[in-house]
Amino acid sequence: MPRVWLKIKLPNDTLVEFSTDHPDDEFRMFTAHRTEDGMRVIVEAETADTEALFKQFDEAPEVSSYEILRADQRSVLFQLEALEQAPRIAAHTAGILPQYPMILRNGWQTIEAITSWERLSQLKEEFERADVSFEVLSVTQPIETTHLLTDRQWEVLTEATTRGYYDSPRGCSLTELAAALDVNPSAVSGVLHRAEEQIIKAFVAETKQVDGLDRPG
């Protein structure tokens, strides 16, 4: 399954506005749970202005409560109960389970998730429906070559790579590779061509799926 990194523009609540006003500060969300009235989250804030942060929480209509769990000169760990935001609702609807911590800086939250292409497409639709701006920072999809290739194809491809056949300049010729495998060059060429075909087609197919996730701004 693909691993995706997204950058999401969060709606302007108190914490997001504070992060926008303090663009060098970082807020790490370690966990989040739904409650009857919204969300309960654990956040570590790296900021030199904790007093101003909690003063804004005191006056924020969307914040029902907060509790300071640990504090020092530069960072503070706190539990916050507040209304659930649209991006979180969209991710929940699409079945996306983000990995923690999620990072908030300057009004944008960066998340990582491992999920299916179908759920990613649904997340895109949910974001568009909720008018949530986001950027796809990267999507990686490991190609399982051992599943694509036969044992013989994998054996020949591994030998070719080990001997530098794919290096530039080449570390060995097709004839030398065939001699090492004790077969004729035409047989090696055929095995490599079929292996390369499977790998290239798989790569192109995955790339098309990645390109299908455009980036609304």
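Look a little higher up for the structure.
Residues numbered from 1 in each chain as written. Predicted model: local features only at pLDDT ≥ 70, side-chain atom pairs only at ≥ 80, totals over all residues. Heavy atoms only, no water.

1. Brief notes about the overall build of the protein
(1) Moving on: When helices and strands are tallied, the protein shows eight helices and eight strands.
(2) Moving on: Expected size for 217 residues packed as a compact globule is a radius of gyration near 17 Å; at 25 Å, the protein overshoots this value by more than 25%.
(3) Moving on: For the protein, the C-alpha atoms occupy an extent of roughly 80 × 40 × 25 Å along the three principal directions.
(4) Moving on: The proportion of buried residues among the 217 residues of the protein is 38%.
(5) Moving on: Restricting the contact set of the protein to residue pairs at least 6 apart, pairs at least 24 apart contribute 68%.
(6) Moving on: On the protein, roughly 12,500 Å² of surface is accessible, and the fraction owed to carbon and sulfur atoms is 49%.
(7) Moving on: Here the protein carries 21 positive and 38 negative side-chain charges, and the mean point of each set is 5 Å from the other. (Helix = DSSP H or I, 4+ residues; strand = E, 2+ residues; numbered from the N terminus. Rg over C-alpha atoms; globule rule 2.2 N^0.38 Å. Buried < 20%, exposed > 50% of the residue type's maximum accessible area, 1.4 Å probe, protein only. Contact = heavy atoms within 4.5 Å. Areas by Shrake-Rupley, 256 points an atom, 1.4 Å probe, with all protein chains shown as cover. Lys, Arg positive; Asp, Glu negative; His and termini not counted. Charge placed at Lys NZ, Arg CZ, Asp CG, Glu CD.)

2. Re the packing of aromatic side chains
(1) Moving on: One pass over the structure, following the stated rule, counts eight aromatic pairs.
(2) Moving on: Centre to centre, the rings of Phe-54 and Phe-57 are 5.7 Å apart; their planes meet at 70°, and the pair counts as edge-to-face. Taken together, the residues span about one helical turn, with Phe-54 and Phe-57 both in helix α2 (residues 50–59) at a distance of three residues. Like Phe-54, the residue Phe-57 is buried in the burial classification.
(3) Moving on: The structure contains a cluster of three or more aromatic residues connected by ring pairs, namely Phe-54, Phe-57, Tyr-66 and Phe-78.
(4) Moving on: In this structure, Lys-7 packs its charged tip against the face of Trp-108, placed 5.4 Å from the ring centre.
(5) Moving on: The residue whose ring lies beneath Arg-170 is Tyr-165, and the NZ or CZ to ring-centre distance is 4.0 Å. (Phe/Tyr/Trp six-rings, centres within 6.5 Å; stacked < 30°, edge-to-face > 60°. Lys NZ or Arg CZ within 6 Å of the ring centre and 35° of its normal.)

3. Overview of the pattern of salt bridges
(1) Moving on: Enumeration according to the criterion identifies 15 salt bridges in this entry.
(2) Moving on: In this structure, Arg-34 and Glu-84 form a salt bridge, with 3.0 Å as the shortest nitrogen-oxygen distance. With Arg-34 in strand β2 (residues 26–34) and Glu-84 in the loop between β5 (75–82) and α3 (86–94), this residue pair connects regions lying 50 residues apart in the sequence.
(3) Moving on: Relative accessible area serves as the criterion here: at 43%, Arg-34 is assigned to the partly exposed category.
(4) Moving on: Two residues, Asp-72 and Arg-70, come together in a salt bridge whose shortest N-O distance is 3.7 Å.
(5) Moving on: When its relative accessible area of 44% is taken as the criterion, Asp-72 is described as partly exposed.
(6) Moving on: We classify Arg-70 as partly exposed; its relative accessible area is 34%.
(7) Moving on: Here the salt bridges share partners, and the residues they tie into one network are Glu-26, Arg-28, Glu-44, Glu-46, Arg-70, Asp-72 and Arg-105. (Salt bridge = Lys/Arg side-chain N within 4 Å of Asp/Glu carboxyl O.)

4. A few points about empty space enclosed by the protein
(1) Moving on: Inspection of every chain in the model, using the stated rule, returns two cavities of 30 Å³ or more.
(2) Moving on: Space inside the largest cavity adds up to approximately 420 Å³.
(3) Moving on: Taken together, 29 residues form the lining of the largest cavity, with Leu-10, Met-29, Val-41, Gln-85 and Gln-109 sitting closest to its centre.
(4) Moving on: Residues belonging to the lining of the largest cavity are distributed by class as follows: 21 nonpolar, three polar and five charged. (1 Å grid on protein atoms, 1.4 Å probe; cavity = no way out; pocket = protein on both sides within 12 Å on 5 of 7 lines; lining within 4 Å. Points joined across faces, edges and corners; volume = space filled by probe spheres on them. Nonpolar A, V, L, I, M, F, W, Y, C, P; charged D, E, K, R; others polar.)

5. Comments concerning the pairing of β2
Every other side chain in a regular strand lies on the same face of the sheet, so the side chains alternate between the two faces.
(1) Moving on: Alignment of β2 against strand β3 (residues 39–46), held across eight bridges, turns out to be antiparallel. Bridge pairing in β3 places Arg-28 opposite Glu-44.
(2) Moving on: Between β2 and β3, which pair antiparallel and follow one another directly, the connecting turn spans four residues.
(3) Moving on: Across three bridges, β2 lies against strand β6 (residues 99–105) in antiparallel orientation. (Pairing = 2+ DSSP bridges.)

6. A few points about the nonpolar core
(1) Moving on: With 39 residues, the main nonpolar core has Leu-6, Ile-8, Phe-27, Leu-53, Phe-57, Phe-78 and Phe-127 as its most contacted residues.
(2) Moving on: Once residues within four sequence positions are removed from consideration, Phe-78 is found in contact with Val-41, Ile-42, Val-43, Ala-45, Leu-53, Phe-54, Phe-57, Glu-67, Ile-68 and Leu-69.
(3) Moving on: The next biggest cluster of nonpolar side chains, apart from the first, holds 13 residues, and it includes Tyr-165, Leu-177, Ala-178 and Val-188. (Core = buried A, V, L, I, M, F, W, Y, C linked by side-chain atoms within 4.5 Å.)

7. Concerning the packing of α3 against helix α4 (residues 117–129)
(1) Moving on: Axis separation between α3 and α4 bottoms out at 9 Å; the angle between their running directions is 145°. For the crossing formed where α3 meets α4, the hand is right-handed. Contacts between α3 and α4 pair Pro-87, Ala-90, Ala-91, Thr-93 and Ala-94 from the former with Arg-119, Gln-122, Leu-123, Glu-126 and Phe-127 from the latter.
(2) Moving on: In terms of residue class, the contact of α3 with α4 is built from six nonpolar, two polar and two charged. (Axes fitted to C-alpha atoms, helices over the stretch in contact; angles between N-to-C directions. Left-handed = near helix turned anticlockwise from the far one by under 90°.)

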